[in-house]
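# Observations on the three-dimensional arrangement
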Amino acid sequence: MSSSGIPRGGHPLSETEAEDLLRCICFKTGPPRTVGVELEWLVHELRDPRLPVRPPRLAAALDTVRSLPLVSSLTFEPGGQLELSSRPAGSLMECLDSLAADLRAVRSALGPLGLTLSGYGVDPWHAPRGRVLHEPRYDAMETALDRTGPAGRAMMCDSASVQICLDAGLEEPGPLGYHRRWRLAHLLGAVLVAAFANSPLHGGRLTGWRSTRQSLWTDLDPRRALAPSPDGEPRAEWAAHVLDTPVMCVRADEGPWAVPEGLTFREWLRTGLPRPADVDDLRYHMTTLFPPVRPRGHLELRMVDAQPGTDGWMVPVAVTTAVFDDPEAAETVYRAVKPLAEQAGDGPAPRNPLWLAAARDGLADPELHAAARTVFATALEALPRIGASEEVRRAVAAFQERYVVPGNCPADDFEAVAS
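The shown structure was predicted, so the numbers you read here are calculated from the model rather than taken from an experiment.

Calculation criteria
Residues numbered from 1 in each chain as written. Predicted model: local features only at pLDDT ≥ 70, side-chain atom pairs only at ≥ 80, totals over all residues. Heavy atoms only, no water. Helix = DSSP H or I, 4+ residues; strand = E, 2+ residues; numbered from the N terminus. Rg over C-alpha atoms; globule rule 2.2 N^0.38 Å. Buried < 20%, exposed > 50% of the residue type's maximum accessible area, 1.4 Å probe, protein only. Contact = heavy atoms within 4.5 Å. Areas by Shrake-Rupley, 256 points an atom, 1.4 Å probe, with all protein chains shown as cover. Lys, Arg positive; Asp, Glu negative; His and termini not counted. Charge placed at Lys NZ, Arg CZ, Asp CG, Glu CD. Axes fitted to C-alpha atoms, helices over the stretch in contact; angles between N-to-C directions. Parallel < 35°, antiparallel > 145°, perpendicular 65-115°, else oblique. Core = buried A, V, L, I, M, F, W, Y, C linked by side-chain atoms within 4.5 Å. Salt bridge = Lys/Arg side-chain N within 4 Å of Asp/Glu carboxyl O. pLDDT = per-residue confidence, 0-100. Left-handed = near helix turned anticlockwise from the far one by under 90°. 1 Å grid on protein atoms, 1.4 Å probe; cavity = no way out; pocket = protein on both sides within 12 Å on 5 of 7 lines; lining within 4 Å. Points joined across faces, edges and corners; volume = space filled by probe spheres on them. Nonpolar A, V, L, I, M, F, W, Y, C, P; charged D, E, K, R; others polar.

In this section: the overall build of the protein. Counting secondary structure elements, the protein contains 17 helices and 9 strands. Computed over the C-alpha atoms, the radius of gyration of the protein is 21 Å, within 12% of the 22 Å expected from 2.2 N^0.38 for a compact globule of 419 residues. Each principal axis of the C-alpha atoms in the protein carries an extent, and together these give about 55 × 55 × 40 Å. Counting every position in the protein, which comprises 419 residues, the buried fraction comes to 57%. In the protein, once contacts between residues fewer than 6 apart in sequence are set aside, the share between residues at least 24 apart is 76%. Carbon and sulfur atoms form 53% of the exposed surface of the protein, whose accessible area is close to 16300 Å². Where the 43 positive side-chain charges of the protein centre and where its 55 negative ones centre are 2 Å apart.

For the rest of this paragraph, the subject is unusual backbone geometry. The omega torsion of the bond from Leu 273 to Pro 274 falls at 10 degrees, within 30 degrees of zero and hence cis. Along the chain, Pro 274 falls in the loop between helix 9 (265-271) and helix 10 (279-287). For the bond from Ala 349 to Pro 350, the omega torsion is 5 degrees, close enough to zero to count as cis. Summarising the element assignment, Pro 350 is placed in the loop between helix 13 (340-344) and helix 14 (353-361).

Time to look at the packing of helix 6 (residues 178-195) against helix 15 (residues 366-382). Where helix 6 contacts helix 15, the axes come no closer than 10 Å and their chain directions differ by 95 degrees. Relative to helix 15, helix 6 is oriented roughly perpendicular. Of helix 15, the residues touching helix 6 (which contributes Leu 188, Ala 190, Val 191, Ala 194 and Ala 195) are Leu 368, Ala 371, Ala 372, Val 375 and Phe 376.

The subject of this paragraph is the nonpolar core. In terms of nonpolar packing, the biggest core is built from 124 residues, with Trp 313, Leu 368 and Phe 376 touching the most fellow members. Counting residues per element, this core draws most heavily on helix 6, at 12 residues. When neighbours within four sequence positions are excluded, Trp 313 is seen to be in contact with Leu 39, Trp 41, Leu 96, Leu 99, Ala 100, Leu 103, Val 162 and Gln 307. If you look at the next biggest cluster of nonpolar residues, it comprises 6 residues, including Leu 42, Tyr 120, Ala 160 and Leu 201.

Turning our attention to the environment of Val 375. Relative to the helices and strands, Val 375 is located in helix 15. Linking Val 375 and Ala 61, residues 314 residues apart in sequence, is a C-alpha distance of 39 Å. Those residues in contact with Val 375, other than ones at most four positions away along the chain, are Leu 188, Val 191, Val 319, Val 323, Val 333 and Val 337.

This part takes up the pattern of salt bridges. Note on pairing: side chains with opposite charge can pair once their charged atoms come close. Following the criterion strictly, the structure yields 30 salt bridges and no others. A salt bridge links Glu 142 to Arg 153; the nearest nitrogen and oxygen atoms lie 3.4 Å apart. Note that Glu 142 is positioned in helix 4 (residues 136-146) and Arg 153 in helix 5 (residues 151-158), a separation of 11 residues in sequence. According to the relative accessible area criterion, Arg 153 is partly exposed, its value standing at 40%. Where salt bridges share partners, they join Glu 15, Glu 19, Asp 244, Arg 266 and Arg 270 into one cluster.

Our next topic: the confidence of the model for the protein. Scored by pLDDT, the protein has a mean of 94; 97% of the residues are at 70 or more. Note on residues 1-7: pLDDT is under 50 here. Beyond four places in sequence and across chains, it has 13 contacts.

Axis separation between helix 1 (residues 15-25) and helix 10 bottoms out at 11 Å; the angle between their running directions is 50 degrees. By the angle between their directions, the pair helix 1 and helix 10 is classed as oblique. Helix 1 and helix 10 meet at a crossing whose hand is right-handed. For the pair helix 1 and helix 10, contact is made by Ala 18, Leu 21, Leu 22 and Ile 25 and by Val 279, Leu 282, Arg 283 and Met 286, respectively.

Another point: helix 5. Burial analysis of helix 5 places 7 of its 8 residues in the buried class, which makes it a mostly covered element. The elements touched by buried residues of helix 5 are strand 1 (35-45), helix 4, strand 6 (201-202) and helix 7 (212-219).

Moving on: the layout of surface pockets. Space inside the largest pocket adds up to approximately 790 Å³. The wall of the largest pocket is formed by 34 residues, among which Glu 38, Glu 83, Gln 163, Arg 294 and Arg 296 lie closest to the centre. Taken together, the residues that form the lining of the largest pocket break down as 13 nonpolar, 11 polar and 10 charged. Empty space within the second largest pocket amounts to approximately 420 Å³. Together, 22 residues line the second largest pocket, and Asp 311, Gly 312, Met 314, Glu 391 and Ala 395 are the ones closest to its centre. Its residues assigned to classes, the lining of the second largest pocket shows 12 nonpolar, 4 polar and 6 charged.

Structure follows, in structure tokens:
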């Protein structure tokens, strides 16, 4: 992410042009063919993850990792979390195999330095971490998010996730249609939060949430982390949401970035103040919106906590891909999660009762538990049809047996240890 010298994107953008652009670029339709994953990891002391890693040592380790010849894109979050983003892959296994190879290379580089990658939704022992990255983007983000409390800094510096990217779907209606997939993502998303909740501790204490990471997103901002209505026409709902969300910052070529308070992008377009907005500003503004499902041409599902173990991250990727991209599975799962809409009510995710129950209770919630059992059973039937390896199928089955059938989640293991 560039920190200065950002070029401007041509002529000032009109409100009509912005709406047209959003409708065109955010839901690119066609047969679902590709899958991608963004993995965030906490970097911990290898011999004892409770020991702090001092910023100079962390910075030196990150420099070592930057030199690796990876297929995935490598970036770092403000607190030093390491992120690997796969290229769009033509199949589930292509995506999993490529990312797994890159992760092996990263771990091999960190091991001799006495460091390791840890998969937790938030740092269980260290909070708050200080920022390692000091760039105008993150300075502005911190200023903006501080206005609504400490959740923003914790999200920036202490959290990690598994983000699953799938094609938006077909233009036509049906189980693979983009409208259906948009709706499915917001109902299934709560099931994914509950099943893969893995952050009951933060800063050494139990928080009362099985997914503390999701609770941070809930508290983040009055509007920035909310989903638009999943019931309307997706393109129209998302375009309105983008334009009516306050601007986090106004970028500058030099010096600190302005952090206006309460200025929506629509108002910025109409007034032209503090300077006219252009296409680059609109594209950048979209990166400062953090809903649980973010349309970026494809759908980016952002609600899953980072997972324990070397390959634990593969399970949510495999399950989600199977029930989205296999038509039979998509129809079965949609029928299973559709009744959850009543529990969700009219409020937006992640602040509605369904999503709050998922983050607080995990699969102890009976409706979410019932839906998860169907989701995992359906995924296991569909995985062979989308080419999943026997190893991946065994991993999903083991997770199902250990957590989903009895109504638990990874957070329950950690709570038992902590108590």
